[in-house]
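Summary of the model geometry
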Amino acid sequence: MSSSRTFEDKQPQRRASSGFEFLKGVGQVTGGTLLSITMLASSIVAGGLVGLAISFRNLPDVRQLRNFFPSETTYIYDVKGKLLTSIHGEANREVVPLDRISPNLKRAVLASEDSHFYDHHGINPTGVGRAIVVNAVAGGVKEGGSTVTMQLVKNLFLSQKRAFTRKLAEAVLAIRLEQILTKDQILEMYLNQVYWGHNNYGVQTAARSYFNKSSEYLSLGESAMMAGLIQAPEEFSPFVSMKLAKQKQKEVLGRMLELNWINQSEYDDALKQEIKLGRIKSFQGSALPYITNTVAQELAKKFGRETLLKGGMRVQTTVDANFQSMAEETVVKWHKSLLGQGLSKNQIALVAIDPRTHFIKALVGGVDPKISEFNRATQSQRQPGSSFKPFVYYTAFATGKYGPDSTVVDSPVSYQDGNGRYFPRNYDGGFSGPMPIRTALAQSRNIPVIKIGKAVGMNRVIDTCRTLGIMSPMEPVTSLPLGAIGVTPLEMASAYATFANYGWQSPPTVIARVTDSSGNVLLDNTPKPQLVLDPWASAAIIDVMRTVVTNGTGKGAAIARPSAGKTGTTSSEKDIWYVGTVPQLTTAVWVGRDDNRQLASRATGGGMVAPIWKDFMEKALKNVPVENFKPPSQFSRPKSQ
């Protein structure tokens, strides 16, 4: 399906009058005179339109409709096919072919709107002539005389203004349209185009809204009620007045009986049928707004906002709705717990990624999307603190000069920094002397990581971050290894997931697959991993981060299976983190305040965030087999560079 759109949907109002104002002063007309005038008017209309068709040279080209795709609603589903939300512009529409529309509805609409549809060539001269006289006698608009074809071209091409010239334009365009499309094509387009009330365009969304079923399965009673809506949808809506809706239903069924399209028994049964209403769905919010808003942003970036709103895409996400709900409930629970621990106004973000595919499995952007839809998981760049250190040590391992047991000295040091000197400090203010890199990371010592960063070169560290998908501005300053940059929880989860997959990476995504409404694939995010990091160095940093959990600052994250991770605490306790992984799932959890003020004195990632991670992972991995990481010895160590 093409994503371009040529025409705007226009909300239909009551059927317009014929517009022939010159007969208003006819006065009282007898039955015989009425018949005569009707026949005369019909002849004038039929004969005059041939000439008019030649003179109306400035009308739109109806041949465009051969390639016309009406705007359609985009639907977003979870990984198992559960509908999460729908996205649309002005028109909430799902297009269906004519053979998937109930014959009851097709007959009811034609009986109500254009019973001679399959006999005329775009206009019904007798109907137009009758409308002229009826409106003249009534002194106002009583009958329109529009065929289904005329209504279609009016909705697609013309303004709603009731004017003589517009009515003639309708007729001309209708004649032209019938020359290029079959009757069934016109009827299908009409039924998918027409406005049915409550922001439902087309039969499918209307049937789902009014009766909670596909248009394919509408009964005679339901079909007659829907057909009765076309002239004034909101006025005759059963959601507004069941009494008026039943009145219109009876009129439509009466017309079908008069035409012998149904028999008396069918008429009686349809009137007696109990109408079970659905609910108005067009303006419902998303069940999982953090997920669906992220999907919408990805789609708009890939296809453009116009296609997102009108393209009728079917989007399968990577997220299981129940799993996401569990993640959201975990965040809410711990938000309350942290409030009790003195962390006022705290916000929490959580991102879980499958490292084997880089598919996002859960994404929670805050405590309550109803209060704030700002997505801290994808949009908030916060300092990662010590959770940045693995990027420095990985870079050192990738040179081949360093390994987990290489010695680094934790001792006082100073560096020229701008116009002065920089004296880095450890969190506890002390120094521990020589130690293996494994211990330096497990205890989250600051001075060793700065020394290693300076030794391998800060620009190399920045290159590692860029490879891992961290795009924030970075300068090769001495304090870089301490995480003095802005990152999102999504970037951190994705980076650690690449370590957990031994250097293999796919772009992180919440979208698995996108098709158009006909099933044609528009986007297939089947993982195509690329090896972007050194496998040995990746396995080595995972191995070191396992020590963080068993003997370091991450003990609060220990679960009953092998895991690796790193705590993060920034200066002044403004941001606290825990990012950790098992072979099948990588999760980043961040806690902070939107105003970027201190959370609480001595608030740490190990003390306050690691338990959140542990709680989430224990629930997330409940039925997942225990799996071990591959040791570095399974990979070739890079040659020293």
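For the structure itself, consult the block above.
Residues numbered from 1 in each chain as written. Predicted model: local features only at pLDDT ≥ 70, side-chain atom pairs only at ≥ 80, totals over all residues. Heavy atoms only, no water.

**Some remarks on the overall build of the chain**
- Counting secondary structure elements, the chain contains 21 helices and 18 strands.
- Across the 641 residues of the chain, 56% fall into the buried class.
- Taking all contacts inside the chain whose residues are at least 6 apart in sequence as the whole, residues at least 24 apart take part in 73%.
- Looking at the chain as shown, the accessible area adds up to about 26,900 Å², and 51% of this sits on carbon and sulfur atoms. (Helix = DSSP H or I, 4+ residues; strand = E, 2+ residues; numbered from the N terminus. Buried < 20%, exposed > 50% of the residue type's maximum accessible area, 1.4 Å probe, protein only. Contact = heavy atoms within 4.5 Å. Areas by Shrake-Rupley, 256 points an atom, 1.4 Å probe, with all protein chains shown as cover.)

**A few points about the packing of aromatic side chains**
- A full pass over the atoms with the stated rule returns 13 aromatic pairs.
- Plain terms: the ring middles of Tyr-195 and Tyr-201 are 4.8 Å apart, the flat faces sit at 50° to each other, and that makes the pair tilted.
- Judged by its relative accessible area of 1%, Tyr-201 is buried.
- Note on Phe-388 and Phe-391: the rings are 5.2 Å apart at their centroids and 85° apart in plane angle, and the pair reads as edge-to-face. Each member of the pair, Phe-388 together with Phe-391, is buried.
- The ring centre of Phe-117 lies 4.5 Å from the NZ or CZ of Lys-183, which sits over that ring.
- Above the face of the Phe-236 ring, Lys-248 is positioned so that its terminal group lies 4.9 Å from the ring centre. (Phe/Tyr/Trp six-rings, centres within 6.5 Å; stacked < 30°, edge-to-face > 60°. Lys NZ or Arg CZ within 6 Å of the ring centre and 35° of its normal.)

**Notes on the sheet that holds strand S2 (residues 83–87)**
- Here we have five strands laid out as an open sheet, ordered S2-S1-S5-S13-S14, and mixed in their pairing. Two strands in the sheet have a free side with no partner beyond their single neighbour: S2 and strand S14 (521–524). Averaged over all pairs of adjacent strands, the angle between their axes in this sheet comes to 15°, without regard to strand direction.
- Across three bridges, the pairing between strand S1 (residues 74–77) and strand S5 (residues 314–317) is parallel. Each bridged residue has a counterpart across the sheet, and for Tyr-75 the counterpart in S5 is Arg-314. (Pairing = 2+ DSSP bridges. Axes fitted to C-alpha atoms, helices over the stretch in contact; angles between N-to-C directions.)

**Overview of the side chain of Thr-569**
- Structurally, Thr-569 can be placed in strand S16 (residues 564–569).
- Here the side chain of Thr-569 touches Gly-605 through a polar contact of 2.9 Å, landing on its backbone nitrogen.
- With sequence-adjacent residues up to four places away left out, Thr-569 is seen in contact with Gly-385, Ser-386, Asp-575, Ile-576, Ala-603, Thr-604 and Gly-605. (Polar contact = N/O pair within 3.5 Å; in protein donor to acceptor, adjacent residues only side chain to side chain.)

**What to know about the side chain of Thr-147**
- Its location among the elements puts Thr-147 in the loop between helix H3 (125–138) and helix H4 (148–157).
- Of the residues examined, Thr-147 reaches a relative accessible area of 1% and is grouped as buried.
- Here Met-150 takes part through its backbone nitrogen, which lies 3.0 Å from a polar atom of the side chain of Thr-147.
- Setting aside residues up to four positions removed in sequence, Thr-147 forms contacts with Asp-114, His-120, Gly-122, Ile-123 and Asn-124.

**Comments concerning helix H10 (residues 242–258)**
- For H10, spanning 17 residues, the distance from its first C-alpha to its last is 24 Å, which sits close to the expected 24 Å at 1.5 Å a residue.
- For H10, the complete set of buried residues consists of Ala-245, Lys-248, Gln-249, Val-252, Leu-253 and Met-256. Along the axis of H10, the buried residues cluster in a sector spanning 140°; they form a single face. Facing away from the buried side of H10 by more than 90 degrees, the exposed set consists of Lys-243 and Glu-258.
- Against the buried residues of H10 lie helix H2 (103–113), helix H8 (220–227), helix H9 (233–236) and helix H11 (264–272). (Expected span 1.5 Å × (residues − 1). Arc of directions from axis to C-beta.)

**Digging into the packing of H4 against helix H6 (residues 183–193)**
- H6 packs onto H4 with a crossing angle of 50° between their chain directions and a minimal axis gap of 10 Å. On the basis of their axis angle, the class for H4 and H6 is oblique. Every pair of crossing elements has a handedness; the one defined by H4 and H6 is left-handed. In this structure, H4 contributes Val-148, Thr-149, Gln-151, Leu-152 and Leu-156 to the contact, and H6 contributes Ile-186, Met-189, Tyr-190 and Gln-193.
- Within the contact of H4 with H6, the residues separate by chemical class into six nonpolar, three polar and no charged. (Parallel < 35°, antiparallel > 145°, perpendicular 65-115°, else oblique. Left-handed = near helix turned anticlockwise from the far one by under 90°. Nonpolar A, V, L, I, M, F, W, Y, C, P; charged D, E, K, R; others polar.)

**A short note on the pairing of strand S6 (residues 347–354)**
- Where burial is concerned, most of S6 is hidden: eight out of the eight residues are buried.
- Side chains Gln-347, Ala-349, Val-351 and Ile-353 of S6 all project onto a buried face; the interleaved residues Ile-348, Leu-350, Ala-352 and Asp-354 project onto the opposite face, where all are buried too.
- Direction of pairing for S6 relative to strand S18 (residues 585–592): antiparallel, over a ladder of seven bridges. Paired with Leu-350 across the strands is Val-589, a residue of S18.
- Bridge analysis of S6 against strand S7 (residues 359–364) gives five bridges, and the strand direction is antiparallel. Counterpart to Asp-354 in the pairing with S7 is Phe-359.
- Where S6 hands over to S7, the hairpin turn is made up of four residues, of which His-358 adopts a positive phi near 65°.

**Section: the nonpolar core**
- Judged by nonpolar contacts, the single largest core of 113 residues is most densely connected at Phe-391, Tyr-393, Phe-397, Phe-499, Val-591 and Phe-616.
- The dominant element in this core, judged by the number of residues it contributes, is helix H20 (residues 535–551), at 10 residues.
- The residues contacting Phe-397, other than those within four sequence positions of it, are Tyr-402, Gly-403, Pro-404, Ile-437, Trp-536, Ala-537, Ala-540, Ile-541, Val-544 and Pro-638.
- Within the second largest apolar cluster, 47 residues are counted, among which are Phe-117, Leu-156, Trp-196 and Val-203. (Core = buried A, V, L, I, M, F, W, Y, C linked by side-chain atoms within 4.5 Å.)

**Topic: unusual backbone geometry**
- Its identity is not glycine, yet Asn-212 carries a phi of approximately 55°, on the positive side.
- Within the element layout of this structure, Asn-212 appears in the loop between helix H7 (203–211) and H8.
- With phi around 70°, Arg-602 is a residue other than glycine that occupies positive phi space.
- Relative to the assigned elements, Arg-602 resides in the loop between S18 and helix H21 (605–620).

**A word on the pattern of salt bridges**
- Per the stated rule, a full pass over the model turns up 19 salt bridges.
- With its nearest N and O atoms 2.7 Å apart, the salt bridge here joins Arg-382 to Asp-575. In this pair, Arg-382 is assigned in the loop between S7 and helix H15 (389–398) and Asp-575 in strand S17 (residues 575–582), connecting sequence segments 193 residues apart.
- Take Arg-382: its relative accessible area is 7%, and that puts it in the buried class. (Salt bridge = Lys/Arg side-chain N within 4 Å of Asp/Glu carboxyl O.)

**With respect to the environment of Ser-214**
- For Ser-214, the position within the fold is in the loop between H7 and H8.
- With a relative accessible area of 11%, Ser-214 lands in the buried category.
- Apart from the residues within four sequence positions on either side, Ser-214 is in contact with Arg-100, Gln-204, Ala-207 and Arg-208.

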